[in-house]
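Observations on the model geometry
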Number of protein chains: 2
Amino acid sequence: MAYDLVRENPWERTEAFGKLSPAHRTPAIHNPDRGVILADSRAICEYFEETVDKSPMINGTAVNRAEIRRLVALFDENFYADVTLPLLEERMKKRLVYRSPPDSKRLRDSMRLADEHLYYIDYLIDNRPWLAGSTMSLADLAAAAQISVADYLGGIDWSGHEQARSWYSVFKSRPSFRPLLSERMDVIQPPSHYADVNA
Amino acid sequence: MAYDLVRENPWERTEAFGKLSPAHRTPAIHNPDRGVILADSRAICEYFEETVDKSPMINGTAVNRAEIRRLVALFDENFYADVTLPLLEERMKKRLVYRSPPDSKRLRDSMRLADEHLYYIDYLIDNRPWLAGSTMSLADLAAAAQISVADYLGGIDWSGHEQARSWYSVFKSRPSFRPLLSERMDVIQPPSHYADVNA
């Protein structure tokens, strides 16, 4: 699927973006040729699942598909609220928007919760080749998307998580994922292991 | 679909419930006859959508279905975080668990945000018979589920929201919804209009 990426800061609540996503949530997709506007990450993924034939990401029996969707929700909602959101607010928003120092207790709490989530990934990968079962799925994409942001912001301590680390390292070497790892925020640099596919 | 309802307080994080829902999120479904365990509200709804023939709740073209899922996310995530969660914490959890008075500023904020969500429902109902289009869908169920909790806790001011009120009043009179409206929490009573289908 070809696309042009347009950057949007949702907190600015621009009128133009509100027409694509009334709740001002990213991501949204606009296809002017077909007159299609879609918002909400999972609604967009289900749409592609229904309209694009090749490489399904929500695969298998109804029970397999429910397991994929459970894990997508776990990473999109729980991991995001526990880890990604506090890291983004403390390490990025406070620096760029509020020019204030991060809350070190909130950072410690988010790193402790990240550790619990990594133990759960270790457990899943001990029992299955990929997070939701025998093939890669939207669950792996959702998990890797959250983890890559948390890892960029220094919130992930990989020590003691060999299963999670090896799962993520396979992911980092995928052609679709490598370009993402070369992107940089303006003022915040990631730790040295961040884009290293052997780390 | 026949079921027995089992009450669970997710904050108690019981080991038994963790086996059904590792993130200790409600709802979860256990069908011991088929050996099926499902967790996450949307994963469960998509599972029924795929396995039960009658009365689909995610209906129509791929674009229609994306619109239904966008609105489900809006109510499950945004309305919940803006309105339902603060009301539950301030009006229920503080009373039953912490025995402390509610934070009146947080209550006012949640009621102001509820008002914004009701304006959005007015706008949708001005343009369509049901929230996501021409037929009732999971979007209406998700919205009514959040609103009924907020309304029980006195967080909804219906004045000035005739479209939203008439949409919800049709919902309240449905046979599937009426039993829910007769349930009561132990110590908190709802406002007098709560279960009145003519209000």
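Residues numbered from 1 in each chain as written. Chains lettered and ligands numbered in written order. Predicted model: local features only at pLDDT ≥ 70, side-chain atom pairs only at ≥ 80, totals over all residues. Heavy atoms only, no water.

**Description of the overall build of chain A**
- Helices and strands together make up the secondary structure of chain A, namely seven helices and two strands.
- Start at the N end of chain A and walk to the C end: the helices and strands fall as α-β-β-α-α-α-α-α-α.
- Expected size for 199 residues packed as a compact globule is a radius of gyration near 16 Å; at 18 Å, chain A falls within 12% of this value.
- The principal-axis extent of the C-alpha atoms belonging to chain A is close to 45 × 45 × 25 Å.
- Within chain A, the fraction of its 199 residues that count as buried is 42%.
- Entry remark: accessible area of chain A is about 10,900 Å², with carbon and sulfur atoms responsible for 52%.
- The average position of the 25 basic charges and that of the 29 acidic charges among the side chains of chain A differ by 3 Å. (Helix = DSSP H or I, 4+ residues; strand = E, 2+ residues; numbered from the N terminus. Rg over C-alpha atoms; globule rule 2.2 N^0.38 Å. Buried < 20%, exposed > 50% of the residue type's maximum accessible area, 1.4 Å probe, protein only. Areas by Shrake-Rupley, 256 points an atom, 1.4 Å probe, with all protein chains shown as cover. Lys, Arg positive; Asp, Glu negative; His and termini not counted. Charge placed at Lys NZ, Arg CZ, Asp CG, Glu CD.)

**Description of the UniProt feature "domain: GST N-terminal" (unreviewed entry) in chain A**
- As annotated in UniProt, the feature "domain: GST N-terminal" (unreviewed entry) corresponds to residues 1-56 of chain A in the numbering used here.
- Annotation note: span residues 1-56 of chain A, helix share 30%, strand share 14%, distance between end C-alpha atoms 13 Å. (UniProt positions renumbered as here; feature names shortened; annotations may be inferred.)

**Side note on the interface of chain B and chain A**
- Listed per partner, the contact involves 24 residues of chain B and 24 residues of chain A.
- One salt bridge in this structure joins Glu77(B) and Arg42(A), with 3.0 Å as the shortest N-O distance.
- At the boundary of chain B and chain A, one finds ten residue pairs in polar contact (both at pLDDT 80 or more).
- Among the elements of the structure, strand 2 (36-39), helix 2 (41-51) and helix 3 (62-98) of chain B are those that each provide at least two residues to the side of chain B that touches chain A. (Contact = heavy atoms within 4.5 Å. Salt bridge = Lys/Arg side-chain N within 4 Å of Asp/Glu carboxyl O. Polar contact = N/O pair within 3.5 Å; in protein donor to acceptor, adjacent residues only side chain to side chain.)

**Quick notes on the packing of helix 3 of chain B against helix 4 (residues 104-127) of chain B**
All names here are of chain B.
- Look at helix 3 against helix 4: their axes get within 9 Å of each other, and the N-to-C directions meet at 155°. Put simply, helix 3 runs roughly antiparallel to helix 4. The element helix 3 and its partner helix 4 pack so that their crossing is left-handed. (Axes fitted to C-alpha atoms, helices over the stretch in contact; angles between N-to-C directions. Parallel < 35°, antiparallel > 145°, perpendicular 65-115°, else oblique. Left-handed = near helix turned anticlockwise from the far one by under 90°.)

**Let's talk about the relation of the copies chain B and chain A**
- Its rotation angle being 180°, the transformation that places chain B on chain A also includes 0.0 Å of axial translation and leaves an RMSD of 0.0 Å. What the rotation and shift describe, once combined, is the action of a two-fold rotation axis. By C-alpha distance to the rotation axis, the residue of chain B lying nearest is Glu77(B), at 4.3 Å. (Least-squares fit on C-alpha atoms with pLDDT ≥ 70 in both.)

**With respect to the pairing of strand 1 (residues 28-31) of chain A**
- Direction of pairing for strand 1 of chain A relative to strand 2 (residues 36-39) of chain A: antiparallel, over a ladder of four bridges. Paired with Asn31(A) across the strands is Val36(A), a residue of strand 2 of chain A. (Pairing = 2+ DSSP bridges.)

**So, the environment of Ser104(A)**
- Relative to the helices and strands, Ser104(A) resides in helix 4 (residues 104-127).
- C-alpha separation for the pair Ser104(A) and Phe79(A), spaced 25 residues apart in sequence, amounts to 19 Å.

**Considering the packing of aromatic side chains**
All names here are of chain A.
- Under the defined criterion, the tally for this structure stands at 20 aromatic pairs over all chains.
- Ring centres 5.8 Å apart and planes at 50° place the aromatic pair Trp167 and Phe171 in the tilted group. With Trp167 and Phe171 both in helix 6 (residues 162-172) and four residues apart, the pair spans about one turn of that helix. For the residue pair Trp167 and Phe171, the accessibility class agrees, reading buried in each case. (Phe/Tyr/Trp six-rings, centres within 6.5 Å; stacked < 30°, edge-to-face > 60°.)

**Side note on a nonpolar patch on the surface**
- A cluster of nonpolar side chains, contributed by Trp11(A), Leu96(A), Val97(A), Tyr98(A) and Val187(A), occupies part of the molecular surface with about 490 Å² of accessible area.
- Relative to the elements of secondary structure, Val97(A) occurs in helix 3 (residues 62-98). (Patch = residues over 30% accessible without salt bridge, like charges linked within 9 Å, V, L, I, M, F, W, Y side chains within 5 Å.)

**Observations regarding the side chain of Asp122(A)**
All names here are of chain A.
- Looking at the element boundaries, Asp122 is found in helix 4.
- Arg165 provides the closest opposite charge to the buried, salt-bridge-free Asp122, at an N-O distance of 8.7 Å.
- At 2.9 Å, the side chain of Asp122 forms a polar contact with the backbone nitrogen of Ala164.

**Things to note about helix 2 of chain B**
- Taken as a whole, helix 2 of chain B has its buried residues at Arg42(B), Ala43(B), Ile44(B), Glu46(B), Tyr47(B) and Glu49(B).
- In this fold, the buried residues of helix 2 of chain B make contact with helix 2 (41-51) and helix 3 of chain A together with strand 1 (28-31), strand 2 and helix 3 of chain B.

**Focus on the domain arrangement of chain A**
Residue and element names in this part refer to chain A.
- According to the domain assignment, chain A contains domain 1 (10-51) and domain 2 (62-181).
- Placing the centre of domain 1 and that of domain 2 at their C-alpha centroids yields a distance of 23 Å.
- If you look at the interface, domain 1 gives five residues, while domain 2 gives seven residues.
- For the pairing of domain 1 and domain 2, the buried interface totals around 560 Å² over both sides, and the portion due to carbon and sulfur atoms is 52%.
- On the domain 1 side of the interface with domain 2, the three residues burying the most area are Trp11, Arg42 and Glu46, jointly 76% of the side's total.
- Taken together, domain 1 and domain 2 are joined by three salt bridges. (Domains from an automatic or database assignment. Buried area = accessible area lost by both parts, 1.4 Å probe.)

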